[in-house]
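# Fold and contact review
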Amino acid sequence: MAFKLFKKKNLSVRQAGKKRQLQDLNGTPLMLGDKVECLRYDMGESILIEGENGFEYESIKTKQKVSFAKMIDAANSFQKVRKLD
């Protein structure tokens, strides 16, 4: 008999927003489809998308994708991105 003590959760966008709100470096809330300037990995202008493994930033120029977890600033737990208007 196998016990599932640790379950992998697939969060929808709405559920993820309740548990962990994505915010840029200034604390501005981020939503899927927002255009941002990434301050890491020389990605430049990017778009917040939902990929196979969760939220990702996709560079507009190079199409490089980086997980949102790699963009977290350890000092304040905000993303190392700036939301563009």
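See the structure shown above.
Since this is a predicted model, take the numbers as computed values, not measurements. (Residues numbered from 1 in each chain as written. Predicted model: local features only at pLDDT ≥ 70, side-chain atom pairs only at ≥ 80, totals over all residues. Heavy atoms only, no water.)

## Some words on the overall build of the protein chain
Tallying secondary structure elements over the protein chain gives one helix and five strands in all. Listing each helix as α and each strand as β along the protein chain from the N terminus yields α-β-β-β-β-β. Taken across its 85 residues, the protein chain has 26% of its residues classed as buried. Accessible surface computed for the protein chain: about 6500 Å², of which carbon and sulfur atoms make up 50%. (Helix = DSSP H or I, 4+ residues; strand = E, 2+ residues; numbered from the N terminus. Buried < 20%, exposed > 50% of the residue type's maximum accessible area, 1.4 Å probe, protein only. Areas by Shrake-Rupley, 256 points an atom, 1.4 Å probe, with all protein chains shown as cover.)

## Quick notes on the nonpolar core
Nonpolar side chains in soluble globular proteins tend to be buried together. Counting residues in hydrophobic clusters, the biggest one holds 12 residues: Leu22, Leu30, Val36, Cys38, Met43, Leu48, Phe55, Tyr57, Val66, Phe68, Met71 and Val81. Look past the residues within four positions of leucine 48 in its chain and what remains in contact with it is Leu22, Leu30, Met31, Leu32, Gly33, Asp34, Phe55, Glu56 and Tyr57. (Core = buried A, V, L, I, M, F, W, Y, C linked by side-chain atoms within 4.5 Å. Contact = heavy atoms within 4.5 Å.)

## Things to note about the pattern of salt bridges
The tally for this structure, following the rule as stated, stands at two salt bridges. As a salt-bridge pair, lysine 83 and aspartate 34 come within 3.4 Å of each other at their nearest N and O atoms. With a gap of 49 residues between them, lysine 83 in strand S5 (residues 81-83) and aspartate 34 in the loop between helix H1 (13-19) and strand S1 (35-38) connect regions that are remote in the sequence. The class of aspartate 34 is buried, set by a relative accessible area of 15%. Lysine 35 is the salt-bridge partner of glutamate 45, the closest N and O atoms lying 3.6 Å from each other. Placement of the pair is glutamate 45 in strand S2 (residues 44-51) and lysine 35 in strand S1, with a sequence separation of 10 residues. With relative accessibility at 41%, the residue glutamate 45 sits in the partly exposed group. On the basis of relative accessibility, which here comes to 36%, the residue lysine 35 falls in the partly exposed class. (Salt bridge = Lys/Arg side-chain N within 4 Å of Asp/Glu carboxyl O.)

## Notes on the side chain of aspartate 73
If you trace the backbone, aspartate 73 turns up in the loop between strand S4 (65-67) and S5. No salt bridge is formed by the buried aspartate 73. Its closest oppositely charged neighbour is lysine 80, at 4.4 Å. (Lys, Arg positive; Asp, Glu negative; His and termini not counted.)

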